[in-house]
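# Coordinate inspection notes
Next come the chains, spelled out residue by residue.
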Amino acid sequence: MDLSPVTEALAVKSFDKIADICDNLMLQVASEGISFHDDWPYAIHLLGYFYVDDCDSARFLWKTIPTSVKESKPEVVTAWRIGQRLWTRDYAGVYEAIRGYDWSPEAKDMVAAFSAPNAIPVLFFVEDVYTKRMFQLLLSAYSTITIRDLALFLGMTEDDATTYVAENGWTVDTASQMVTVKKQAVKREQKVDSSKLQRLTEYVFHLEH
């Protein structure tokens, strides 16, 4: 089984392509009747879905993973724990799930790109995928928010969170512990189309026939 396309995408940090690459490879090996479950990079596959905000496909994939794999590969279970937090909109829990595990070298860069670790200065969070999504969510859903809740949403300390939003023009009132959101045009990320689920459905069909 040739997983070099996945390895190459990870090497050049093309994390937005990981899910598609894994989907296509999985369909290919399943259609050829190749046994692949024990060697499949399920954690990377799941993280690829989270990177492009496709929790539906991640949930579908999780249901197809054999119990033996879930029991023998804790990183796969930990990756899905992120998905559970995303699914239930437990925003602070997403950061806890990410930072509470010692990720493999293959997954570490991808996880860092999804949600930068505490050691990275706050200015670098502007490029962080998940924090950017949370920032956009706050923009669209709130006019004011407490500093405490802001920090939970952004996965930062209260000082870092207020610094981050202040640099984006929000007003921080330390006396009242409230932040006023500066509204702006919000660009919503396009959801992944149903073709991904279709490919995974074809994969399951090959497994069952």
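Residues numbered from 1 in each chain as written. Predicted model: local features only at pLDDT ≥ 70, side-chain atom pairs only at ≥ 80, totals over all residues. Heavy atoms only, no water.

Under an unreviewed UniProt entry, the protein has the name CSN8/PSMD8/EIF3K domain-containing protein and belongs to Brassica rapa subsp. trilocularis.

### Brief notes about the environment of Tyr101
Along the chain, Tyr101 turns up in the loop between helix H7 (91–99) and helix H8 (105–114). A relative accessible area of 26% places Tyr101 in the partly exposed class. For the pair formed by Tyr101 and Glu75, sequence separation is 26 residues and the distance between their alpha carbons is 8.1 Å. Among residues more than four places away in sequence, those in contact with Tyr101 are Pro74, Glu75 and Thr78. Side-chain polar atoms of Tyr101 contact the backbone nitrogen of Glu75, separated by 3.4 Å. (Helix = DSSP H or I, 4+ residues; strand = E, 2+ residues; numbered from the N terminus. Buried < 20%, exposed > 50% of the residue type's maximum accessible area, 1.4 Å probe, protein only. Contact = heavy atoms within 4.5 Å. Polar contact = N/O pair within 3.5 Å; in protein donor to acceptor, adjacent residues only side chain to side chain.)

### Section: the packing of aromatic side chains
In the structure shown here, the tally under the stated rule is seven aromatic pairs. Ring geometry for Phe36 versus Trp40: centroids 5.4 Å apart, planes at 75°, classification edge-to-face. Overall, the relative accessible area of 2% leaves Trp40 in the buried class. A centroid spacing of 5.8 Å and a plane angle of 70° characterise the contact between Tyr142 and Phe153, whose relative ring orientation is edge-to-face. (Phe/Tyr/Trp six-rings, centres within 6.5 Å; stacked < 30°, edge-to-face > 60°.)

### Some details on the sheet that holds strand S2 (residues 171–173)
Adjacent strands of a sheet form backbone hydrogen bonds with each other and so pair up, either parallel or antiparallel. Across the sheet, which stays open at both edges, the three strands sit in the order S1-S3-S2 with antiparallel pairing between neighbours. Only two strands of the sheet have a single neighbouring strand rather than two, namely strand S1 (144–146) and S2. Taken pair by pair, the neighbouring strands of this sheet meet at an average axis angle of 20°, ignoring direction. Sheet topology places S2 next to strand S3 (residues 178–180); three bridges connect them, and they run antiparallel. Looking at S3, one finds that Val172 is bridged to Val179. Each of S1, S2 and S3 touches helix H10 (residues 147–154); the most contacted strand, S1, lies at about 90° to it. (Pairing = 2+ DSSP bridges. Axes fitted to C-alpha atoms, helices over the stretch in contact; angles between N-to-C directions.)

### Things to note about helix H3 (residues 42–51)
Among the ten residues of H3, ten are classified as buried, and the element is accordingly described as predominantly covered. Of all the residues in H3, the buried ones are Tyr42, Ala43, Ile44, His45, Leu46, Leu47, Gly48, Tyr49, Phe50 and Tyr51. Two residues or fewer past H3, Asp53 is found with a positive phi of approximately 60°.

### Brief notes about the nonpolar core
The biggest cluster of nonpolar side chains holds 62 residues, and the ones touching the most others in it are Leu46, Ile82 and Phe114. Per-element tally for this core: the top contributor is H3, with eight residues. (Core = buried A, V, L, I, M, F, W, Y, C linked by side-chain atoms within 4.5 Å.)

### Topic: helix H9 (residues 129–141)
For an α-helix the count is 3.6 residues per turn, leaving residues at separations of three or four pointing the same way. For H9, spanning 13 residues, the distance from its first C-alpha to its last is 18 Å, which sits close to the expected 18 Å at 1.5 Å a residue. Turning to H9, its buried residues are Val129, Tyr130, Thr131, Arg133, Met134, Phe135, Leu138 and Leu139. (Expected span 1.5 Å × (residues − 1).)

### Let's talk about the pattern of salt bridges
Scanning the entire structure with this criterion turns up five salt bridges. Of the charged contacts, one joins Lys108 and Asp102 as a salt bridge, the two residues approaching to 3.9 Å between their closest N and O atoms. The residue Asp149 makes a salt bridge to Arg148 at a minimum N-O spacing of 3.6 Å. Residue classification places Asp149 among the partly exposed positions, given a relative accessible area of 29%. With a relative accessible area of 55%, Arg148 lands in the exposed category. (Salt bridge = Lys/Arg side-chain N within 4 Å of Asp/Glu carboxyl O.)

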